[in-house]
Amino acid sequence: MGIACIDFFSLFCTLIIYNVRMKHLKMYEADDKLISIIRDNYSVLQSLGSFGINLGFGDKTVREVCEEQGVDTYTFLAVVNFTINGYLDNENSDRLSIPTLMHYLKASHDYYLRFQLPFIRRELADALDEHSSLAQLILKLYDEYAHSIRVHMMYEEKTVFPYVENLLEGNANGNYDIETFSKNHGQTDQKLRELKQIIIKYLPADGLRNNQLSATLYDIYNNEEWLSLHANVEDEIFIPAIRRVEQKSRQNDVSAKISNMISQSPSNSEVLSEREKDVIVCVVQGMSNKEIADHLYISTNTVITHRRNIARKLQIHSPAGLTIYAIVNQLVDISSVKL
Ligand SMILES: [Fe+2]
Ligand SMILES: [Fe+2]
């Protein structure tokens, strides 16, 4: 009976955990109400701000709110579903709007640098005894952490995002690529981990400040999680999207070069006179200038002038080059050419 009770209890717990997980594994879609996403995951509230979505949207769906507020619906849902469930829609990744994604990342930086970092600094300073040298050291450690985050985000703002903007406009910087960023895009939370440990393990117990310190620690944990999700969005959504743009841009470059080469040959043939084409045919057949002159009933000097003009117009000087030109432009049949 006891064993049956334990088994029943385990099953009950498993079902609860399963239900909780299932709830968070829902993939949100454009026709879901935005309020229902927030009800399930209040952490989405911060993302709304970074996407530039204002509150006060009533019972509207995600699509309605995004369209009204000028936010790309697919990109918003891609970030929301990834941050809530770790879900990536690799098959439709071409639908991502990179400008929307960059706007979101920039606004997230702004939120973290201007609001979260100073907010926690104030909380820490209030919770610590300002006269204690340990407090001074903790604040120093926090300031070092804030500095490293600022450097990390400023690199993205000053180097990575401008590179991507130029890439989207077709002016890619040949000395930089997203792989360079990806290789150096490390985690920045080492100092924050140290700070938490010091507060938890070594700060002297003080009933008065304990509650304040616990509340600050709670906010530090939340921030750490937020920062890690932010880095994951960059690693798993942003970087792969830019890799695809780079790949397309390289393919377009090659296609443009090929079509340029193809289009150049026939258009130049139009500028040749009929007499010049006759001269080319004779050259291809291996005739000397004298033979060409006799064949076409013109003087040798005229043949030389025609040949000079042909070389200038086509930028082709050798008989072999003229032979290729004549074949490609169908002035002669390849079977009539001695190879
Ligand atoms: Fe970032
Ligand atoms: Fe980053």
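Check the entry above for the structure.
Since the structure is predicted, the reported quantities are computational estimates derived from the model, not experimental observations.

A.B. asks: Quick rundown of the overall build of the chain? Include the residues and the values.
C.D. replies: Assigned secondary structure in the chain consists of 14 helices and 0 strands. Taken from N to C terminus, the helices and strands of the chain fall in the order α-α-α-α-α-α-α-α-α-α-α-α-α-α. Buried positions account for 37% of the 339 residues belonging to the chain. Of the contacts made within the chain by residues no fewer than 6 positions apart, 68% connect residues no fewer than 24 positions apart. Counting only carbon and sulfur atoms, one obtains 54% of the accessible surface of the chain, whose full area is about 20500 Å².

A.B. asks: Any chance you could break down the coordination of the iron ion (ligand 2) for me, citing the residues and the numbers?
C.D. replies: H152 (NE2), E156 (OE), H185 (NE2) and E234 (OE) make up the full set of protein donors to the iron ion (ligand 2), lying at 2.0 to 2.3 Å. Each of the 4 donor atoms bound to the iron ion (ligand 2) contributes to angles spanning 83 to 171°, and the resulting shape is irregular. Sequence positions of the residues that donate to the iron ion (ligand 2) give the spacing H-x3-E-x28-H-x48-E. Here the iron ion (ligand 2) and the iron ion (ligand 1) are spaced 3.2 Å apart, and both take E156 as a donor. Taken as a pair, E156 in helix α7 (residues 133-168) and E234 in helix α10 (residues 207-270) lie far apart in primary sequence, 78 residues in all.

A.B. asks: Mind laying out empty space enclosed by the protein, listing which residues take part and the relevant values?
C.D. replies: Evaluation of the coordinates by the stated rule reveals 1 cavity of 30 Å³ or more. Of the voids in this model, the largest cavity is the one considered here, and its volume is about 110 Å³. Residue assignment for the lining of the largest cavity shows that the elements contributing at least two residues are α7 and α10. Class assignment for the residues of the lining of the largest cavity results in 6 nonpolar, 7 polar and 3 charged.

A.B. asks: Tell me about the coordination of the iron ion (ligand 1), residues and numbers included.
C.D. replies: Around a metal, the perfect tetrahedron of four donors has angles of 109.5 degrees, and the perfect octahedron of six donors has angles of 90 or 180 degrees. Within the protein, the iron ion (ligand 1) binds to H109 (NE2), E156 (OE), H230 (NE2) and E234 (OE); these donor distances fall in the range 1.9 to 2.2 Å. The site at the iron ion (ligand 1) holds 4 donor atoms, and with the angles between them running 87 to 175°, its shape is irregular. Here the donor residues of the iron ion (ligand 1) share one chain and are spaced in sequence as H-x46-E-x73-H-x3-E.

A.B. asks: An account of the nonpolar core is needed here, citing residue identities and associated values.
C.D. replies: Core analysis: the largest hydrophobic core is formed by 42 residues, its most contacted members being L34, I53, F76 and F238. Contributing elements (two or more residues each) for this core: α2 (34-40), α3 (44-51), α4 (62-68), α5 (73-85), α6 (98-127), α7, α8 (178-184) and α10. Ranked by residue count, the leading element in this core is α5, at 8 residues. Other than its neighbours up to four places away in sequence, F76 contacts L34, L48, F51, I53, V62, C66 and V71. L113, A135, A146 and I149 belong to the second-largest nonpolar core, a separate cluster that totals 25 residues.

A.B. asks: Explain the side chain of T61 to me, and be specific about the residues and the numbers.
C.D. replies: Structurally, the position occupied by T61 is in the loop between α3 and α4. If sequence neighbours within four positions are ignored, T61 has contacts with A30, D31, D32, K33 and L34.

A.B. asks: I'd like to hear about the pattern of salt bridges, residue by residue, with values.
C.D. replies: Oppositely charged side chains are able to pair whenever their charged atoms sit close together. Scanning the entire structure with this criterion turns up 15 salt bridges. Ionic pairing is found between K106 and E165, a salt bridge with its closest N-O pair at 3.0 Å. Residue K106 is found in helix α6, and its partner E165 is found in helix α7; the two are separated by 59 residues along the sequence. For K106, a relative accessible area of 31% gives the class partly exposed. One salt bridge in this structure joins K140 and E144, with 3.4 Å as the shortest N-O distance. Linking K140 with E144, this pair stays in helix α7, spanning 4 residues, or about one helical turn. In the salt-bridge network here, residues are joined through shared partners; they are D94, R244 and K248.

A.B. asks: Describe the packing of aromatic side chains, with residues and values.
C.D. replies: Aromatic ring pairs are defined here through the distance separating the ring centres and the angle between the ring planes. Enumeration according to the criterion identifies 10 aromatic pairs in this entry. Here the aromatic rings of Y142 and Y145 are separated by 6.0 Å at their centres, their planes lie at 50°, and the arrangement is tilted. Here Y145 and Y142 lie together in helix α7, a separation of 3 residues that amounts to about one turn. A single burial state applies to Y142 and to Y145, both of which are buried.

A.B. asks: An account of the layout of surface pockets is requested, with residue identities and associated values reported.
C.D. replies: Quantified by volume, the largest pocket comes out at close to 710 Å³. Around the largest pocket sit 23 residues that line it, and Y42, S43, N222, E225 and W226 are the ones nearest its centre. Examining the composition of the lining of the largest pocket, we find that 8 residues originate from one element, α10, more than from any other. Here the lining of the largest pocket is built from residues that sort into 10 nonpolar, 10 polar and 3 charged.

Rules used in this analysis
Residues numbered from 1 in each chain as written. Chains lettered and ligands numbered in written order. Predicted model: local features only at pLDDT ≥ 70, side-chain atom pairs only at ≥ 80, totals over all residues. Heavy atoms only, no water. Helix = DSSP H or I, 4+ residues; strand = E, 2+ residues; numbered from the N terminus. Buried < 20%, exposed > 50% of the residue type's maximum accessible area, 1.4 Å probe, protein only. Contact = heavy atoms within 4.5 Å. Areas by Shrake-Rupley, 256 points an atom, 1.4 Å probe, with all protein chains shown as cover. Donors = N, O, S within 2.8 Å, 3.2 Å for Na, K, Ca; no water. Tetrahedral: all angles 85-135°; square planar, octahedral: opposite > 155°, others 65-115°. 1 Å grid on protein atoms, 1.4 Å probe; cavity = no way out; pocket = protein on both sides within 12 Å on 5 of 7 lines; lining within 4 Å. Points joined across faces, edges and corners; volume = space filled by probe spheres on them. Nonpolar A, V, L, I, M, F, W, Y, C, P; charged D, E, K, R; others polar. Core = buried A, V, L, I, M, F, W, Y, C linked by side-chain atoms within 4.5 Å. Salt bridge = Lys/Arg side-chain N within 4 Å of Asp/Glu carboxyl O. Phe/Tyr/Trp six-rings, centres within 6.5 Å; stacked < 30°, edge-to-face > 60°.

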